Amino acid sequence: MAARTGAEFLERLSAARVHVDIMGETLIGGVAEHPAFRNVVRSYAELFDMQHDPAYRDVLTYPSPTSGDPVATSFLVPRTPEDLAKRSAAFKLWADRSLGMLGRTGDYLNSALMALAAAESWFAQAGPGFGENTRRYYERVREQDLLCTHTLVPPQANRAVTASQQAGGALMAHILREDDNGIVIRGARLLATIGPFADELLVFPSTVLRNSAEDKQYSFACAVPGDAPGLRYIAREPMDYGRSHPLGSRFEEPDAVVIFDDVHVPYERCFVLGDPELCNGFYTQTSAVVHMTHQVLARTTAKTEYLLGLVSLLTEAIGIEQFQHVQQDVAEVIMTLETLRAFGRAALADAAPNGYGVLTPAWPPLNAARNLYPRLYQRFPEILRKLGASGLMALPTQADVTGPAGPDIASYLQSATLGGADRVKLFRLVWDTCVSAFSGRQALYEYYFFGDPVRMAGAYVASYDREPYKAAVRAFLDRS
Ligand SMILES: Cc1cc2nc3c(=O)[nH]c(=O)nc-3n(C[C@H](O)[C@H](O)[C@H](O)COP(=O)(O)OP(=O)(O)OC[C@H]3O[C@@H](n4cnc5c(N)ncnc54)[C@H](O)[C@@H]3O)c2cc1C
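Residues numbered from 1 in each chain as written. Predicted model: local features only at pLDDT ≥ 70, side-chain atom pairs only at ≥ 80, totals over all residues.

**Quick notes on the overall build of the protein**
So, point 1. In terms of regular secondary structure, the protein is built from 17 helices and 14 strands.
So, point 2. A compact globule built from 480 residues should have a C-alpha radius of gyration of about 23 Å, and the protein, at 24 Å, falls within 12% of that.
So, point 3. Referenced to the eigenvectors of the C-alpha coordinate spread, the extents of the protein come out at roughly 75 × 75 × 50 Å.
So, point 4. Expressed as a percentage of the 480 residues in the protein, the buried residues total 45%.
So, point 5. Put simply, of all contacts in the protein between residues at least 6 apart along the chain, 72% involve residues at least 24 apart. (Helix = DSSP H or I, 4+ residues; strand = E, 2+ residues; numbered from the N terminus. Rg over C-alpha atoms; globule rule 2.2 N^0.38 Å. Buried ≥ 20, exposed ≤ 12 C-beta atoms within 10 Å, placed from the backbone. Contact = placed C-beta atoms within 7 Å.)

Here it is as structure tokens:
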């Protein structure tokens, strides 16, 4: 098989019997047509269709090394600067399509699987067969163009103790037992974004939390189909309220608690078992975190470009461009955008092969980007709210624009540059970016999706080599 079309993605989803509890209802399948999911699922289908569009397919696909069929560029193992540039371009094309609002597009975890599979020999440490399992799984996902999500973090019951100590160790998903051909998982993980419509769930170690020796039972990496027997999702209340919400009605990715009710996972789907040390090195020693962050930087750059366009149309619309504090806010968005672009260029310019021959973007600029953006992003909704002011509340719906209030809206809601109808359209987009429930979830997502920024900062400081700078200051102090 090759890169899928949107129809093929929807067809597979329609056949899947994923268990989702949502708003008091239990679904066993039917996700593709449920009102909570149907719009975002179609936005994902559009991304799959782009792979077949003559305008994009040369960037979004490459010939599979096994079948020769076109497969998604996010699976391409980069060996040359051109390969890396192609990966960047493919990430950006998809991210632009959703204005950077879709956080769990397939290219994110395809990038992780690519790096993990290329580091096949690293998995030999986990035991015989694990390297081959990892490579074969990657090839399967690539050839079938499956959509993966992941779940990493323990339930949030008591953060004063380790995951394995919460409620006597029963809460966190753990290996309950092994049998002749696999493992049985029981317990829960905190969240899986897009879980309800992902083809595959990667049950992976945390990117930030460390496992200790007593966490053996909780330390594993494996993959399960979205409709595996015993796997249940409990979805949060949806924030897609219909077409008058320009972003929420297209890009509302569901988040769901993940319950493993004795889920059996065959050995060929296991990549690490009962090994805290290997779980701690899972992303860094294989470079998976670098390739994931490469994708994230393309997405956050696309999102920041959108925000710059949006804030510029807003300030122009109501004639506030000339005020200095407004210019200061717009300058902040521009500086963030240029900072992200500089990180992206530096990461590619200083790329080097890792121990497995994979040309890997430079980590220092990407690591800086992933530590900075969770904070920088929080300013954008704040700036839009400040500049939009009451215009974000003097805001009828599209139904009013075309309804009896239409003439009043045309006259009294005009702006310096726009007629009433167009002003409402623009301000509804601003509102969905900075005031709506959808926008609140976006801000939370940007802050937390890579892990707790506080603990990420701790790991960042600990891993950054500051000795040369300390030595330079000591040398200055010693100067006579
Ligand atoms: C919108 C959204 C989507 C997400 N999607 C996914 C997903 O698809 N898959 C997935 O695996 N995860 C997902 N996550 C979860 C994400 O990984 C976590 O939010 C993140 O790791 C932080 O963990 P937590 O939410 O449990 O916060 P907690 O660890 O409970 O932290 C709560 C607060 O306490 C503080 N705190 C807690 N413990 C400590 C400590 N030891 N030291 C210092 N401060 C501490 C934190 O700084 C924070 O302020 C998602 C999160 C969000 C918000």
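**Some thoughts on the domain arrangement of the protein**
So, point 1. The domains assigned to the protein are domain 1 (6–281) and domain 2 (288–466).
So, point 2. The gap between the C-alpha centroids of domain 1 and domain 2 is 25 Å.
So, point 3. Contacts between domain 1 and domain 2 engage 37 residues on the former and 39 residues on the latter.
So, point 4. Mapped by element, the contributors of at least two residues to the side of domain 1 that touches domain 2 are α4 (81–97) and α5 (106–118).
So, point 5. Top contributing element to the side of domain 1 that touches domain 2 by residue count: α4, with ten residues.
So, point 6. Looking at the side of domain 1 that touches domain 2 residue by residue, the class counts come to 20 nonpolar, ten polar and seven charged. (Domains from an automatic or database assignment. Nonpolar A, V, L, I, M, F, W, Y, C, P; charged D, E, K, R; others polar.)

**A closer look at helix α17 (residues 467–478)**
So, point 1. Over its twelve residues, α17 extends 16 Å from the first C-alpha to the last, a length consistent with the 16 Å expected when each residue adds 1.5 Å.
So, point 2. Little of α17 sits out of view: just zero of its twelve residues are buried. (Expected span 1.5 Å × (residues − 1).)

**Section: the pairing of strand β11 (residues 255–266)**
So, point 1. For strand β7 (residues 182–193) and β11, the ladder comprises ten bridges, and the chain directions are antiparallel. By the bridge assignment, Thr193 is partnered in β11 with Asp255. (Pairing = 2+ DSSP bridges.)

**Points about the nonpolar core**
So, point 1. Among the nonpolar cores identified, the biggest contains 132 residues, and Ala221, Cys222, Val224 and Val272 are the most heavily contacted of them.
So, point 2. Here this core takes 14 residues from helix α9 (residues 288–317), the largest share from any one element.
So, point 3. Counting only domains with at least three residues in this core, you end up with domain 1 (6–281) and domain 2 (288–466).
So, point 4. Apart from residues no more than four positions distant in its own chain, Val224 is found in contact with Leu201, Val203, Leu231, Val263, Val265 and Arg269. (Core = buried A, V, L, I, M, F, W, Y, C linked by C-beta atoms within 7 Å.)

**Let's talk about the site of the ligand**
So, point 1. Close to the ligand lie 21 residues; Leu152, Leu191, Thr193, Tyr445 and Tyr448 are nearest.
So, point 2. The set of elements that each furnish at least two residues to the shell around the ligand consists of β5 (148–151), β7, α15 (437–448) and α16 (453–463).
So, point 3. By residue class, the composition of the shell around the ligand is ten nonpolar, six polar and five charged.
So, point 4. Counting residues domain by domain, the shell around the ligand receives three or more from each of domain 1 (6–281) and domain 2 (288–466). (Near = placed C-beta within 6 Å.)

**A few points about the sheet that holds β7**
So, point 1. The six strands are arranged β2-β1-β10-β11-β7-β6 in an open sheet whose pairing can be described as mixed. Lying at the two open borders of the sheet, with one neighbouring strand each, are β2 (25–28) and β6 (174–179). Strand after strand, the sheet turns through a mean of 15° between neighbouring axes, direction not considered.
So, point 2. Judged from the four bridges that link them, strand β1 (residues 19–22) and β2 form a sheet pairing that is antiparallel. Bridge pairing links Val20 to Leu27 in β2. (Axes fitted to C-alpha atoms, helices over the stretch in contact; angles between N-to-C directions.)

**Points about unusual backbone geometry**
So, point 1. Here Ala167, not a glycine, exhibits a phi torsion of approximately 45°, which is positive.
So, point 2. Note on placement: Ala167 falls in the loop between β5 and β6.

**Considerations on the packing of α5 against α9**
So, point 1. The N-to-C vectors of α5 and α9 enclose an angle of 155°; their axes lie 8 Å apart at closest approach. As the angle between them shows, α5 and α9 are arranged roughly antiparallel. Two packed elements cross with a definite hand, and for α5 against α9 that hand is right-handed. Of the residues in α9, those in contact with Asp107, Tyr108, Ser111, Ala112, Met114, Ala115 and Leu116 of α5 are Ala288, His291, Met292, His294 and Gln295. (Parallel < 35°, antiparallel > 145°, perpendicular 65-115°, else oblique. Left-handed = near helix turned anticlockwise from the far one by under 90°.)

**Here we look at the sheet that holds strand β12 (residues 270–273)**
So, point 1. The sheet built from four strands is open, its strands ordered β5-β8-β9-β12 with mixed pairing. Each edge of the sheet is formed by a strand with only one pairing partner; in this case those strands are β5 and β12. The mean inter-strand angle of the sheet, taken between neighbouring strand axes irrespective of direction, is 25°.
So, point 2. Bridge analysis of strand β9 (residues 220–225) against β12 gives three bridges, and the strand direction is antiparallel. Counterpart to Ala221 in the pairing with β12 is Val272.

**Some points on the environment of Ala288**
So, point 1. In this fold, Ala288 is placed in helix α9.
So, point 2. Each C-alpha atom, one on Ala288 and one on Pro365, is 16 Å from the other, the two residues being 77 residues apart in sequence.
So, point 3. Among all residues touching Ala288, those that are not within four sequence positions of it are Ala112, Ala115, Leu116 and Tyr283.

**Things to note about the pairing of β5**
So, point 1. By the alternation rule, side chains of β5 split into Cys148 and His150 and Thr149 and Thr151, which are all buried.
So, point 2. The pairing of β5 with strand β8 (residues 200–203) spans four bridges and is parallel. From the neighbouring strand, His150 faces β8, where its bridge partner is Leu202.

**Side note on the packing of helix α10 (residues 324–349) against helix α11 (residues 363–388)**
So, point 1. Closest axis-to-axis distance for the α10/α11 pair is 10 Å, and the angle between their directions is 160°. The angle between α10 and α11 falls in the class roughly antiparallel. Crossing geometry of α10 relative to α11 is assigned as left-handed. Contacts from Val326, Asp329, Glu332, Val333, Thr336, Leu340, Phe343, Ala346 and Ala347 in α10 reach Pro365, Leu366, Ala368, Ala369, Leu376, Arg379, Phe380, Ile383 and Leu387 in α11.
So, point 2. Tallied by class, the residues present in the contact of α10 with α11 amount to 14 nonpolar, one polar and three charged.

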